[in-house]
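Here is how the chains run, residue by residue.
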There are 2 protein chains.
Amino acid sequence: MFLDQTYLFTPGPTPIPNRVNAAMAQPMIGHRSPDFSVLIEDVATRLKPVFGTKHPVYALTSSGTSALEAAVVNSVTEGDHAVVIVAGSFGDRLASIAENYGVNVERLNIEWGKSCSPEQLEEFLNGLSGAPIKAVFATFNETSTGVLNPIGALGEVVRRLTDALFIVDGVSCIGGVPVDMEADHIDILVTSSQKALMLPPGLAFVAFSDKGLDAIKNCPTKRFYLDLNRYVKAYNEQKSTPFTPAVSLIAGAREVCAMIEEEGWENVIRRHNLLRDMMRAGIRELGLPLLTSDADASPTVTAVKPDALSAPDIQKALKKDFSITIAGGQKDLKGKIFRIGHMGYCTPFDVIKVLTALELTLVKFGQEPRFGAAVRKAEEVWSQNV
Amino acid sequence: MFLDQTYLFTPGPTPIPNRVNAAMAQPMIGHRSPDFSVLIEDVATRLKPVFGTKHPVYALTSSGTSALEAAVVNSVTEGDHAVVIVAGSFGDRLASIAENYGVNVERLNIEWGKSCSPEQLEEFLNGLSGAPIKAVFATFNETSTGVLNPIGALGEVVRRLTDALFIVDGVSCIGGVPVDMEADHIDILVTSSQKALMLPPGLAFVAFSDKGLDAIKNCPTKRFYLDLNRYVKAYNEQKSTPFTPAVSLIAGAREVCAMIEEEGWENVIRRHNLLRDMMRAGIRELGLPLLTSDADASPTVTAVKPDALSAPDIQKALKKDFSITIAGGQKDLKGKIFRIGHMGYCTPFDVIKVLTALELTLVKFGQEPRFGAAVRKAEEVWSQNV
């Protein structure tokens, strides 16, 4: 078949729309030019609804991890006490970054594959003694398990019980889920470009509450490139960036804003929920166990734990026979699960693609042919949303 | 005229070749895939001659400043003593980054517009008393003045007089000038993608000597995203990157490698020298003073100090009348100079474009028409190199 027809279903990077590629291939412009100021202001402003913030959204030229690190080094410092909710590999990374900087991290460990309930957080916070907590870090969507945490309810607990900053890693869901930084009590919210935002990797985004903007001014941790004050100042004073930005990716981001506005932000959210529901209905029909409950399920990534079958073998077969790339498990879940990303530039037909390939593949692993069965279930879900 | 025909002559970003844009618009691939391992190994290997290193060249997803910061936080730490050669705005930035981390910085200040001679460095190093110097930082090509420092001769002095690391900011020249890390005694060499390397901004590159590779292992400065050990380890062990890389830019870098190989690395260097010589001959013919001497002149950027005329006005006129973007002066030279970048995807015809536009523009500033005069001089230089 066509070698250029490959299908990327990892939970980031995700496929790039042609019109975004075209926008990124426009003639390069200088980053200290008036044209660039217009561009960055446009993106910073039009992303506000996607981040649920009243402030501009700031762009960093770096990966999602650097945005997590920026959130850490601009909010806490050596000797501070902080809570990190760890419900998977990315919560673990957040905790590691904070620990790397000498922060006293209290890890609230959640079983991988489950969300953190507000009750668990409340109990944990009440059980802490000693110095006050400077910040609570949470992963909005745990990419490694396909769990969406109830971020607003967690934020409410943080606000009620502490004076801490509530800092959220939104890496694999912002652009696909509703969020309201004020109502959800989020002070710093970060994400990266290559997930639901339909861009190549290389940009990170940071949004603030008033309290978050205040906090970064007073954080003494040493940093330079990741000093968020520099980004706020360069934008506010000059509609610029403190360091040379990834100009082409930011030009792509403007096209992404146009696509989100054309579809309608509410419809973007609805589409992601539909993709999740179709995927889960189809997978379930095939008899493959889902890692997470419906209540915890992420709209952007679905984890499957096919106990009787080898997850890596299924992953390999999809790649070999259908040029479909999905992801495996990480750390504790390595070799035990496979993960299908369905975010960003992804339609119901893409879900049908994956389910079709899975139906054909499972036969190779000894399952009775059930051609069309998962697709039918997915269509039933879709039909209720057309 | 055509609104898409704009001419970018800033010293970065620089124009992107169409074939590089096409390479970057290829279907996105996962960064944990075998395809990506092949890609990153290809780029890391094929860039070796351009960096004059026997080791792989490592890619960071971030700007040039972050690469400078990475060079600092992986080599020196709070309380260490270091020398920074400051001959312009980017030397100043290097010093600021080191000072930000509590390093005791001895600044060797050079008049802006001049290079640092080995004799000046030798005298400076001999004049230092106190704790031994851990690292000497130098700017290879000072973008803000268009000066190329004699990096090999400086490296020789560092090696002869000290045990310090020699760390070089190669941001606006690597890809356009010859360099040999061993012969030039360079331990860490960094650059970014959007200059002579013909890529959009968003990537930085780091190369090491054996001594440089050793040094980063033992540096205690706290860092995470910019911890270069992580990049070396991920590459050496898995042909991978520690954090999500800017996949599309790296795909572009592969195409750049192909273009450099097709032209021939020696010819790439020769072309940059020719661009410099043509530009300087033309500018001189127009009676505009050059900021730097021929001996100090950079092959990638030319600074002009038109004392009798307003540099910013000339810059504005080129933009308004010819859609040509050049750069102004920075810090001490703000308002006093204009700078023309001629690196990366730049040919002799591009120099002719700028000189033609300057000839037409200077008439507006009261100069007698000398149409064709600068072009003629530039052609004379070119004719000796065809």
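Rules and cut-offs
Residues numbered from 1 in each chain as written. Chains lettered and ligands numbered in written order. Predicted model: local features only at pLDDT ≥ 70, side-chain atom pairs only at ≥ 80, totals over all residues. Heavy atoms only, no water. Helix = DSSP H or I, 4+ residues; strand = E, 2+ residues; numbered from the N terminus. Rg over C-alpha atoms; globule rule 2.2 N^0.38 Å. Buried < 20%, exposed > 50% of the residue type's maximum accessible area, 1.4 Å probe, protein only. Pairing = 2+ DSSP bridges. Axes fitted to C-alpha atoms, helices over the stretch in contact; angles between N-to-C directions. Parallel < 35°, antiparallel > 145°, perpendicular 65-115°, else oblique. Left-handed = near helix turned anticlockwise from the far one by under 90°. Contact = heavy atoms within 4.5 Å. Nonpolar A, V, L, I, M, F, W, Y, C, P; charged D, E, K, R; others polar. Least-squares fit on C-alpha atoms with pLDDT ≥ 70 in both. UniProt positions renumbered as here; feature names shortened; annotations may be inferred. Polar contact = N/O pair within 3.5 Å; in protein donor to acceptor, adjacent residues only side chain to side chain. Core = buried A, V, L, I, M, F, W, Y, C linked by side-chain atoms within 4.5 Å. Salt bridge = Lys/Arg side-chain N within 4 Å of Asp/Glu carboxyl O. Domains from an automatic or database assignment. Buried area = accessible area lost by both parts, 1.4 Å probe.

**Some points on the overall build of chain A**
Scanning chain A from N- to C-terminus turns up 14 helices and 14 strands. Over its C-alpha atoms chain A spans a radius of gyration of 21 Å, differing by no more than 12% from the 21 Å that the globule rule assigns to 386 residues. Viewed in the frame of its principal axes, chain A has a C-alpha envelope of about 65 × 55 × 35 Å. Within chain A, the fraction of its 386 residues that count as buried is 63%.

**Things to note about the sheet that holds strand 14 (residues 338-341) of chain A**
All names here are of chain A. Spatial ordering of the open sheet is given by 11-14-13, a layout of three strands whose pairing is antiparallel. Each edge of the sheet is formed by a strand with only one pairing partner; in this case those strands are strand 11 (301-304) and strand 13 (327-328). Sheet analysis places strand 11 next to strand 14, joined by four bridges and oriented antiparallel. Looking at the pairing, Thr302 lines up with Ile340 of strand 14.

**Points about the packing of helix 6 (residues 118-127) of chain A against helix 7 (residues 151-161) of chain A**
Residues and elements named next belong to chain A. At their nearest, the axes of helix 6 and helix 7 sit 9 Å apart, and the two run at 25° to each other. Taken together, the axes of helix 6 and helix 7 are roughly parallel relative to one another. Every pair of crossing elements has a handedness; the one defined by helix 6 and helix 7 is right-handed. When helix 6 is examined against helix 7, the residues Pro118, Leu121, Glu122, Leu125 and Asn126 are found in contact with a partner set consisting of Ala153, Leu154, Val157, Val158, Arg160 and Leu161. For the contact of helix 6 with helix 7, a count of residues per class yields eight nonpolar, one polar and two charged.

**Digging into the relation of the copies chain A and chain B**
In the superposition of chain A on chain B (RMSD 0.0 Å, axial shift 0.0 Å), the rotation amounts to 180°. Such a turn and shift between the copies fits a two-fold axis. No C-alpha of chain A lies nearer the rotation axis than that of Ser62 of chain A, which sits 2.3 Å from it.

**Looking at the sheet that holds strand 13 (residues 327-328) of chain B**
All names here are of chain B. One open sheet accounts for three strands, arranged 11-14-13; its pairing is antiparallel. Sheet topology places strand 11 (301-304) and strand 13 at the edges, where each strand pairs with a single neighbour. Summarising the sheet, strand 13 and strand 14 (residues 338-341) pair through two bridges and their orientation is antiparallel. Residue pairing in the sheet places Ala327 in a bridge with Arg339 of strand 14.

**Concerning the UniProt feature "modified residue: N6-(pyridoxal phosphate)lysine" (unreviewed entry) in chain A**
Residues and elements named next belong to chain A. The UniProt record annotates "modified residue: N6-(pyridoxal phosphate)lysine" (unreviewed entry) at Lys195. The exposure class assigned to Lys195 is buried, which follows from its relative accessible area of 7%. The residues contacting Lys195, other than those within four sequence positions of it, are Pro11, Gly12, Thr14, Thr143, Val171, Ser172, Met343 and Gly344.

**Some details on the UniProt feature "binding site: substrate" (unreviewed entry) in chain A**
Residues and elements named next belong to chain A. Those residues carrying the UniProt feature "binding site: substrate" (unreviewed entry) are Arg339 in this numbering. Residue contacts for Arg339: discarding those within four places in its chain leaves Phe9, Pro11, Thr143, Ser144, Val301, Thr302, Ala303, Ile326, Ala327, Gly328, Gly329 and Gln330. A distance of 2.7 Å separates a polar side-chain atom of Arg339 from the backbone oxygen of Thr143.

**Some details on the nonpolar core**
Soluble globular proteins: nonpolar side chains tend toward being buried together. Counting residues in hydrophobic clusters, the biggest one holds 198 residues, and the most contacted among them are Phe205 of chain A together with Phe205 of chain B. If near-sequence neighbours (up to four positions away) are discounted, Phe205 of chain B is found in contact with Val43, Leu47, Phe51, Val57, Tyr58, Ala59, Leu189, Val190, Thr191, Ser193, Leu197 and Ala253 of chain B.

**Notes on the pairing of strand 5 (residues 135-139) of chain B**
Residues and elements named next belong to chain B. Among the five residues that make up strand 5, five are buried, leaving the element largely enclosed by the rest of the structure. Side-chain alternation along strand 5 places Ala135, Phe137 and Thr139 on one buried face and Val136 and Ala138 on a second face that is also buried. Two elements, strand 3 (residues 81-86) and strand 5, share three bridges in a ladder whose sense is parallel. Its bridge partner lying in strand 5, Val83 is registered against Val136. Bridge analysis of strand 5 against strand 8 (residues 165-169) gives five bridges, and the strand direction is parallel. Bridge pairing links Ala135 to Leu165 in strand 8.

**Focus: helix 4 (residues 64-73) of chain B**
Residue and element names in this part refer to chain B. Among the 10 residues in helix 4, 10 count as buried, and that is most of the element. For helix 4, the full list of buried residues reads Gly64, Thr65, Ser66, Ala67, Leu68, Glu69, Ala70, Ala71, Val72 and Val73. One side-chain oxygen at the N-terminal end of helix 4 lies 3.2 Å from the backbone nitrogen of Thr65; it belongs to Ser63.

**Details of the interface of chain A and chain B**
Across the boundary between the two partners, chain A contributes 46 residues, which contact 45 residues of chain B. One can count two salt bridges joining chain A with chain B. One can count 10 residue pairs in polar contact (both at pLDDT 80 or more) joining chain A with chain B. Where the side of chain A that touches chain B is concerned, the elements lending two or more residues are helix 1 (18-24), helix 4 (64-73), helix 5 (89-100) and helix 10 (247-263) of chain A. Considering each element in turn, the side of chain A that touches chain B owes the most residues, four residues, to helix 5 of chain A. When grouped by side-chain class, the residues that make up the side of chain A that touches chain B number 20 nonpolar, 18 polar and eight charged.

**Observations regarding helix 9 (residues 228-238) of chain A**
All names here are of chain A. Of the positions making up helix 9, those classed as buried are Leu228, Asn229, Tyr231, Val232, Ala234 and Tyr235. Of the surrounding secondary structure, the elements contacted by the buried residues of helix 9 are helix 2 (34-46), strand 2 (58-61), helix 4, strand 10 (203-208) and helix 8 (210-217). Measuring from the backbone nitrogen of Asn229 back to the side-chain oxygen at the start of helix 9 gives 3.0 Å, which picks out Asp227 as the cap. Phi turns positive one or two residues past the end of helix 9, at Lys239, with a value near 45°.

**Observations concerning the domain arrangement of chain A**
All names here are of chain A. By the assigned domains, chain A splits into domain 1 (7-13 + 265-383) and domain 2 (18-261). Placing a centre on the C-alpha atoms of domain 1 and another on those of domain 2 gives a separation of 28 Å. Contacts between the two partners involve 25 residues from domain 1, matched on the other side by 29 residues from domain 2. Of the roughly 2300 Å² buried at the junction of domain 1 and domain 2 (both faces included), carbon and sulfur atoms supply 61%. Considering only the surface of domain 1 that becomes buried against domain 2, Trp265, Asp296 and Gln330 emerge as the three largest contributors, covering 28% of it. The interface formed by domain 1 and domain 2 holds one salt bridge in total. Taking the shortest distance from any N to any O, the salt bridge between Lys331 and Asp92 comes out at 2.6 Å. The interface formed by domain 1 and domain 2 holds 11 residue pairs in polar contact (both at pLDDT 80 or more) in total. Residue assignment for the side of domain 1 that touches domain 2 shows that the elements contributing at least two residues are helix 11 (265-285) and strand 11.

**Description of the pattern of salt bridges**
Within the structure shown, the criterion is met by 62 salt bridges over all chains. One salt bridge in this structure joins Lys114 of chain A and Glu111 of chain A, with 3.8 Å as the shortest N-O distance. A residue is classified by how much of its surface remains accessible, and Glu111 of chain A, at 53% relative accessible area, is exposed. For the salt bridge of Asp307 of chain B with Lys305 of chain B, the shortest nitrogen-to-oxygen distance reads 3.2 Å. With a relative accessible area of 58%, Asp307 of chain B lands in the exposed category. A residue is classified by how much of its surface remains accessible, and Lys305 of chain B, at 25% relative accessible area, is partly exposed. Members of the salt-bridge network, linked through shared partners, are Asp42, Arg46, Arg254 and Glu261 of chain A.

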